[in-house]
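# Reading the structure
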Amino acid sequence: MTRTIGFALAGLVVAAAVAVVASPFASSAPDGLERVAEDFAFADHAANSAPATAMLPDYAVPGVASPRWSTALAGLAGTFATFGIGIVVSRTLANRKRGS
């Protein structure tokens, strides 16, 4: 079991490093859904009906002055959130399997 935990933590460190280093170089061009919204002229409607608060709007951490660091921190937060969700799901499935 400790080997599995070590492997998972090593994967987390690598993913976090990639997120911090690579995320500031992400394209500023709109992604697929944003592009379709622009092409079919409903992007403004979607922006106006979005929730008032978002955790990381536009993949940036509010209050961080440097756009590069703001994006890097948003990538890091997303990496940790995804890892945490993966842990919860895997433990839930493992417990369900043991109970059967």
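Residues numbered from 1 in each chain as written. Predicted model: local features only at pLDDT ≥ 70, side-chain atom pairs only at ≥ 80, totals over all residues. Heavy atoms only, no water.

### Focus on a nonpolar patch on the surface
So the rule is basically this: Nonpolar side chains (Val, Leu, Ile, Met, Phe, Trp, Tyr) within 5 Å and like charges within 9 Å form the patches, drawn only from residues with over 30% relative accessible area and no salt bridge. In short, Shrake-Rupley with a 1.4 Å probe defines the accessible areas, and a residue's cover is counted only from the protein chains shown. Each reported salt bridge corresponds to a side-chain nitrogen of Lys or Arg within 4 Å of a carboxyl oxygen of Asp or Glu. Runs of E in the DSSP output that reach at least two residues are strands. Runs of H or I that reach at least four are helices, and both are numbered from the N terminus.
On the surface, a cluster of nonpolar side chains totalling about 300 Å² of accessible area is made up of Val-36, Phe-40 and Phe-42. With respect to the secondary-structure elements, Val-36 resides in helix 2 (residues 32-39).

### A closer look at the pattern of salt bridges
Using the criterion set out here, one finds one salt bridge in the structure. A salt bridge links Arg-35 to Asp-39; the nearest nitrogen and oxygen atoms lie 3.2 Å apart. Here Asp-39 and Arg-35 lie together in helix 2, a separation of four residues that amounts to about one turn.

### Here we look at the environment of Gly-78
For the record, the criterion: Buried residues are those whose accessible area, probed at 1.4 Å on protein chains only, stays under 20% of the maximum for their type, while exposed residues exceed 50% and partly exposed ones sit between those limits.
Mapped onto the secondary structure, Gly-78 falls in helix 4 (residues 67-99). On the basis of relative accessibility, which here comes to 32%, the residue Gly-78 falls in the partly exposed class. With 72 residues separating them in the primary sequence, Gly-78 and Gly-6 have C-alpha atoms 21 Å apart.

### A few points about the packing of helix 1 (residues 2-22) against helix 4
To be explicit about the condition: An axis is simply a line fitted to the C-alpha atoms; with a helix, the fit covers only the stretch in contact. Between two such axes, the angle follows the N-to-C directions and lies from 0 to 180 degrees. Roughly parallel here means an angle under 35 degrees, roughly antiparallel means over 145, roughly perpendicular means 65 to 115, and every remaining angle is called oblique. Left-handed describes a crossing whose near helix is turned anticlockwise from the far helix through less than a right angle; right-handed describes the clockwise counterpart. We call two residues in contact when some of their heavy atoms are within 4.5 Å. Only Asp, Glu, Lys and Arg are considered charged, only Ala, Val, Leu, Ile, Met, Phe, Trp, Tyr, Cys and Pro nonpolar, and every remaining residue, Gly among them, polar.
The geometry of helix 1 relative to helix 4 is characterised by a closest axis approach of 8 Å and an angle of 155 degrees between their N-to-C directions. For the element pair helix 1 / helix 4, the angle class is roughly antiparallel. In terms of crossing hand, the pair formed by helix 1 and helix 4 is right-handed. Every residue of helix 4 that contacts helix 1 at Ala-8, Leu-12, Ala-15, Ala-16, Ala-19 and Val-20 is listed here: Ala-72, Gly-75, Leu-76, Thr-79, Phe-80 and Phe-83. For the contact of helix 1 with helix 4, a count of residues per class yields ten nonpolar, two polar and no charged.

### Here's the deal with a negative patch on the surface
Under the convention used in this document: The charged-residue count follows a simple rule in which Lys and Arg add positive charge and Asp and Glu add negative charge, with His and chain termini not counted at all. Note on charges: their place is set at NZ of Lys, CZ of Arg, CG of Asp or CD of Glu.
A contiguous patch of negative charge, built from Asp-31, Glu-34, Glu-38 and Asp-58, is present on the exposed surface. Relative to the elements of secondary structure, Glu-34 occurs in helix 2.

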